[in-house]
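One letter stands for each residue in the lines below.
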Amino acid sequence: MKVPSSKFQVPSSKPAPLRRVGVWSLEFGVFVWLFAAGVLSAADRSAWQPAAGPLMTRWAAEVGPTNAHPEYPRPQLVRPDWLNLNGLWNYAVTPQAFLAVTNFDGQILVPFPIESALSGVMRRLDETNMLWYQRSFRVPPEWSGRRVRLHFGAVDWRTRVFINGREIGQHRGGYDAFSFDITDSLKRAGEEEIRVAVIDPTEGDQPRGKQSRKPEGIFYTPNSGIWQTVWLEPVPKNCVDDLRLTPDVDAQALRVRVAVASSAGSLQVEAQASVGGQVVGRVAGPANHELSLPLSLMHQWSPDDPFLYDLQITLKDGDQVVDSVSSYFGMRRIALKKDDAGITRLALNDQFTFQIGTLDQGFWPDGIYTAPTDAALRYDIEFLKRAGFNLARKHVKVEPDRWYYWCDKLGLLVWQDMPSGNNTTPESRTQFEVELQRLVEGRFNHPSIIVWVLFNEGWGQYDTERLTPWLKSLDPSRLVDNASGWTDKRVGDLIDMHNYPGPESPPPEAARAAVLGEFGGLGLGVPGHTWSQQRWGYQPMLDATVLKDRYGKLLDRVHLLHDSFGLSAAIYTQTTDVETECNGLLTYDRAVSKLNPAALLTANRGDNQKQLLRVLAPNAIYGRVSWKYTTSNPGDQWLTSDFNETAWPQGFGGFGTTETPGALVGTIWNTPDIWLRREFTLGSEDLRDAQLQWHHDEDAEIYLNGILAAQAGGFSLNYFVTNLNPAALATLKPGLNRLAVHCHQTAGGQFIDAGIVVMRPPKTDGAVR
């Protein structure tokens with residue numbers, strides 16, 4: 001669906017000095033002012049330059065006062081007429097209390113936050129500051145007879161708005177869109193003036209995500225003031241205020257609710273779905289009621305096939321059309337489903353879809369919270385798709401609507417975090433819940449979003465058992481992750497662990513799927529593309545070659561956890577570097593991909609593991625392998641072919657404790673010793689390259705057909721492959737063979753598992769033998 005560009009240009013005239021006198025308390029008390037102002041001249045605009053930031057993206061060169069985010073900002077509720085107010089505004093930073101300032105401090109490029117280089121200011125505020133914005137505009141004469149709404153995509157954090165000296169409203173919250181009807185405050189002749197005043201404590205008790213006044217490590221530069229598009233829109237008196245679109249795959253229908261503020265009972269809605277201009281469904285009914293729009297063509301949305309329908313909504317009063325908006329939607333369903341082994345997994349459109357994604361912070365070196373351009377916003381998503389990812393976890397930040405539009409259009413699943421805060425007071429908890437509800441309502445219609453993440457790693461976590469079902473009641477069509485990492489309260493749809501560098505998997509439960517909410521964090525700074533000389537990663541890498549090898553091994557294990565232990569999703573840290581944190585697959589300026597997307601694609605699909613191993617005798621990596629075992633000394637004959645182990649208990653490998661690094665535990669073993677036996681059958685395959693694939697903690701002996709095949713002291717941190725003793729290798733034969741294992745434990749973690757594999761090295765032409 002094509003969305004319109006603004007038809008109207010912002011006028012140019014010389015700004016007059018502004019004299020401001022007033023008092024404004026921290027809680028937005030009484031304020032009095034005198035003013036006289038205009039807008040910026042062409043000369044002022046040509047003089048604008050971005051500030052000298054520590055690192056810039058290639059898109060920064062395309063940004064200027066006349067083209068700052070010119071795209072239509074609300075792609076799921078589109079009207080043809082609008083006026084973009086992005087561009088140069090006057091700004092000033094003052095104390096929050098008594099004001100006596102004669103002039104503005106300069107110009108700021110909206111919608112970039114004041115801390116960013118692209119704002120042209122790059123200044124940090126403190127908790128005592130108030131940030132002021134001012135500009136003028138003209139209402140297009142074509143809008144005569146219609147109401148005028150002023151929209152803000154997002155302002156961080158506490159906002160007060162004035163039109164022509166008259167206060168029109170306030171808003172608290174840094175991530176959600178809000179608007180005001182300014183019609184009654186307009187002069188409708190000549191220039192109109194808008195002023196915005198913002199207080200942003202950042203580290204006060206407010207949802208703020210990873211913003212910090214002392215950025216370091218995993219916390220970053222704060223974001224204050226206007227950071228998304230500001231725009232005007234003419235609407236009729238009775239108009240479509242909002243849409244709620246819920247796919248009903250079973251009924252092959254879209255549930256549509258058209259919200260209209262007017263109380264007029266005669267207002268009717270007509271909704272029409274189409275594909276390529278061909279109508280595939282219609283429904284009509286009263287406004288403010290849910291309607292079911294049946295679809296004659298059913299085509300489900302997925303990352304591999306992000307199919308979208310066009311939607312046209314018409315509002316009527318009797319036979320008269322009073323408003324019309326366009327939108328789009330996708331038909332998809334996300335749910336939990338048990339596989340053939342009875343393991344609870346994530347199912348997209350009733351298909352088991354292993355979700356491989358990245359932790360996506362949404363920060364930019366030149367725009368902080370605001371991407372320099374829409375093309376830049378799209379680039380990150382396109383990179384993830386090329387690299388074989390099908391998921392992004394949007395981490396404790398909410399993006400502009402257009403980011404989700406590109407996820408919808410390009411096919412990227414989204415887990416959406418609620419931005420974290422301290423939540424230490426009743427007032428702050430109320431605010432957290434208000435902003436959580438706004439998040440769900442504001443992003444509800446995007447088919448790409450499939451999971452709401454309530455809390456992250458315990459940050460500001462409270463009342464989880466109450467909030468999780470409440471969040472689910474706000475949106476029953478999606479899954480809820482009660483806490484990503486460390487602080488699970490056994491509610492919601494997912495059990496989510498973090499493991500660095502990992503990976504590991506929590507055990508799936510009867511009613512919850514197992515996911516790995518964060519892992520990896522392999523760090524590599526690229527000279528010339530870093531925020532500063534200071535850099536870090538969860539696990540530093542020497543160079544790109546080491547990074548590629550390590551990443552491949554991590555993803556091999558991720559796929560093994562999926563295949564054998566029920567892991568449904570894994571999220572790698574992270575999409576890009578952010579400031580001093582160099583864990584990204586891309587550098588912070590998006591100029592360098594540290595790994596070739598083709599190599600990432602291979603690893604993310606699990607092709608390495610599938611191509612390079614032939615399994616002769618599986619271990620726990622490849623499924624639920626049954627062993628006979630005992631923890632009591634069986635005597636010297638336990639490894640011989642005629643030993644009778646039928647009285648031993650039976651269990652699935654591997655054997656050990658779940659906290660042991662790299663362990664895939666099928667049966668708990670926590671005694672000093674264990675003895676294992678199992679039989680396996682071979683065909684007539686070539687066995688000369690057979691090797692032992694095992695993981696031990698601590699001292700272990702492996703026997704093949706009664707002959708010592710390998711032994712080792714100490715412990716390993718993961719499964720590894722080693723050669724077999726030639727005498728033991730020679731005993732392998734078609735038909736029945738026997739593995740026998742003894743492991744002795746002294747202290748710390750403990751684990752044992754073993755299998756026989758044949759490694760198949762790549763041919764010189766790149767193919768696999």
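Look a little higher up for the structure.
Calculation rules
Residues numbered from 1 in each chain as written. Predicted model: local features only at pLDDT ≥ 70, side-chain atom pairs only at ≥ 80, totals over all residues. Heavy atoms only, no water. Helix = DSSP H or I, 4+ residues; strand = E, 2+ residues; numbered from the N terminus. Rg over C-alpha atoms; globule rule 2.2 N^0.38 Å. Contact = heavy atoms within 4.5 Å. Areas by Shrake-Rupley, 256 points an atom, 1.4 Å probe, with all protein chains shown as cover. Lys, Arg positive; Asp, Glu negative; His and termini not counted. Charge placed at Lys NZ, Arg CZ, Asp CG, Glu CD. Core = buried A, V, L, I, M, F, W, Y, C linked by side-chain atoms within 4.5 Å. Buried < 20%, exposed > 50% of the residue type's maximum accessible area, 1.4 Å probe, protein only. Salt bridge = Lys/Arg side-chain N within 4 Å of Asp/Glu carboxyl O. Phe/Tyr/Trp six-rings, centres within 6.5 Å; stacked < 30°, edge-to-face > 60°. Pairing = 2+ DSSP bridges. Axes fitted to C-alpha atoms, helices over the stretch in contact; angles between N-to-C directions. Expected span 1.5 Å × (residues − 1). Left-handed = near helix turned anticlockwise from the far one by under 90°. Nonpolar A, V, L, I, M, F, W, Y, C, P; charged D, E, K, R; others polar. Polar contact = N/O pair within 3.5 Å; in protein donor to acceptor, adjacent residues only side chain to side chain. Parallel < 35°, antiparallel > 145°, perpendicular 65-115°, else oblique.

(A) Representation of the overall build of the chain. In terms of regular secondary structure, the chain is built from nine helices and 46 strands. Against the globule reference of 27 Å for 769 residues, the chain gives a C-alpha radius of gyration of 30 Å, in line with a compact fold. Along the three orthogonal principal directions, the C-alpha set of the chain runs to about 100 × 60 × 55 Å. When contacts within the chain are restricted to residue pairs at least 6 apart in sequence, those whose partners lie at least 24 apart make up 69%. Of the roughly 29200 Å² of accessible surface on the chain, a fraction of 51% belongs to carbon and sulfur atoms. If the 75 positive side-chain charges of the chain are averaged to one point and the 86 negative ones to another, these points end up 4 Å apart.

(B) Layout of the nonpolar core. Trp403, Leu471, Phe519, Tyr551, Leu555 and Val558 are the most contacted members of the largest nonpolar core, which totals 78 residues. Of all the elements, helix α6 (residues 544-565) adds the most residues to this core, at eight residues. Discounting residues that sit within four places of it in the chain, Val558 has contacts with Phe354, Ile356, Pro503, Phe519, Leu567 and Ala570. If you look at the next biggest cluster of nonpolar residues, it comprises 32 residues, including Leu85, Leu150, Ile168 and Ile226.

(C) Quick peek at the pattern of salt bridges. As enumerated under the stated definition, the model contains 40 salt bridges in all. Linking Asp81 and Arg146 is a salt bridge whose minimum nitrogen-to-oxygen distance equals 3.2 Å. You can see Asp81 sitting in the loop between α1 (42-47) and β2 (83-84) and its partner Arg146 sitting in the loop between β6 (129-137) and β7 (147-152), a full 65 residues away along the chain. What makes Asp81 buried here is its relative accessible area of 15%. Given a relative accessible area of 25%, Arg146 falls into the partly exposed group. Notably, a salt bridge pairs Lys394 with Glu399, separated by 2.7 Å at the nearest N-O pair. What makes Lys394 buried here is its relative accessible area of 0%. A single network of salt bridges, built from pairs that share partners, joins Arg74, Arg79, Glu233 and Asp323.

(D) Up close: the packing of aromatic side chains. Across all of its chains, the model carries 32 aromatic pairs by this definition. Note on Phe178 and Phe180: the rings are 5.7 Å apart at their centroids and 70° apart in plane angle, and the pair reads as edge-to-face. Overall, Phe178 belongs to the buried group, its relative accessible area being 8%. Residue Phe180 is classed as buried on the basis of its relative accessible area of 12%.

(E) Quick peek at the pairing of β6. Taking burial as the measure, the nine residues of β6 include nine buried ones, the bulk of the element. Neither face of β6 is left uncovered, since the one carrying Asn129, Leu131, Tyr133, Arg135 and Phe137 and the one carrying Met130, Trp132, Gln134 and Ser136 both have all their residues buried. Bridge count for strand β3 (residues 87-95) against β6 is six bridges, and the pairing is antiparallel. Residue pairing for β6: Pro95 is matched across the bridge by Asn129. Sheet topology note: the β6/strand β12 (residues 192-199) ladder contains seven bridges and is antiparallel. Across the sheet, Arg135 pairs through a bridge with Ile194, a residue of β12.

(F) Examining the side chain of Glu645 more closely. Here Glu645 lies in the loop between β36 (626-630) and β37 (650-652). Among the residues examined, Glu645 registers a relative accessible area of 15% and is labelled buried. With near-sequence residues (within four places) excluded, Glu645 lies in contact with Lys628 and Arg677.

(G) Structural context of unusual backbone geometry. Residue Gln574 is reached from Thr573 by a cis peptide bond, and omega for that bond is 15°. If you trace the backbone, Gln574 turns up in the loop between β34 (567-573) and α7 (597-604). Cis geometry marks the peptide bond from Gly653 to Gly654; its omega dihedral reads -10°. When you line up the elements, Gly654 lands in the loop between β37 and β38 (655-656). In this model, Asn288 sits at a positive phi of 65°, which is unusual for a non-glycine residue. For Ile368, which is not glycine, the phi dihedral falls at a positive 60°.

(H) Quick peek at helix α3 (residues 401-410). The buried fraction of α3 is high, at nine of ten residues. Two residues or fewer after α3 comes Gly411, characterised by a positive phi angle close to 90°.

(I) Representation of the pairing of strand β9 (residues 158-163) within the structure. Of all six residues that make up β9, six are buried, and the element is covered over most of its length. Here β9 shows a buried face lined by Arg158, Arg160 and Phe162 and a second buried face lined by Thr159, Val161 and Ile163. Relative to strand β10 (residues 166-172), β9 is paired through six bridges, and the arrangement is antiparallel. For Arg160, the partnering residue across the bridge sits in β10 and is Gln170. Here β9 folds back onto β10 in antiparallel fashion, the turn holding two residues, of which Asn164 has a positive phi close to 50°. Bridge analysis of β9 against β12 gives six bridges, and the strand direction is antiparallel. The partner of Phe162 across the bridge, within β12, is Arg195.

(J) Up close: the sheet that holds β3. Here six strands make up an open sheet; going across it, the order is β5-β3-β6-β12-β9-β10 and the pairing antiparallel. Each of the sheet's edge strands pairs with one partner strand only, and the pair in question is β5 (106-110) and β10. Adjacent strand axes in the sheet meet at a mean angle of 30° when their direction is disregarded.

(K) Quick peek at helix α4 (residues 426-442). Over its 17 residues, α4 extends 24 Å from the first C-alpha to the last, a length consistent with the 24 Å expected when each residue adds 1.5 Å. Within the sequence span of α4, burial applies to Ser428, Gln431, Phe432, Glu433, Glu435, Leu436, Leu439 and Val440. Looking at the buried residues of α4, the elements they touch are β10, β27 (413-417), β28 (449-456) and α5 (464-474).

(L) Focus on the sheet that holds strand β31 (residues 513-520). Sheet architecture is open: eight strands sit in the order β29-β28-β27-β26-β25-β34-β31-β30, paired in parallel fashion. Every interior strand has two partners, whereas the edge strands, β29 (479-484) and β30 (494-499), have only one. Going from strand to strand, the sheet's axes swing by 25° on average, the running direction of each strand aside.

(M) Up close: the packing of helix α2 (residues 374-386) against α3. Running from amino to carboxyl end, α2 crosses α3 at an angle of 40°, the nearest separation of the two axes being 10 Å. For α2 against α3, the interelement crossing comes out right-handed. The segment α2 lies against α3, with Asp374, Leu377, Arg378, Ile381, Glu382 and Lys385 engaging Arg402, Trp403, Trp406, Cys407 and Leu410. Considering only residue class, the contact of α2 with α3 consists of six nonpolar, no polar and five charged.

(N) Quick look at the environment of Thr630. With respect to the secondary-structure elements, Thr630 resides in strand β36. Between the C-alpha atom of Thr630 and that of Glu645, which follows or precedes it by 15 residues, the distance is 9.0 Å. Within the structure, the side chain of Thr630 is placed 3.1 Å from the backbone nitrogen of Ser632, a separation counted as a polar contact.

(O) Main features of the packing of α6 against α7. Orientation of α6 relative to α7, taken along the N-to-C sense of each, is 25°, at an axis distance of 8 Å. With respect to their mutual orientation, α6 and α7 come out roughly parallel. Listed contacts from α7 to Lys548, Tyr551, Gly552, Leu555 and His559 of α6 are Ala599, Leu600, Ala603 and Asn604. Looking at the contact of α6 with α7 residue by residue, the classes come out as five nonpolar, three polar and one charged.

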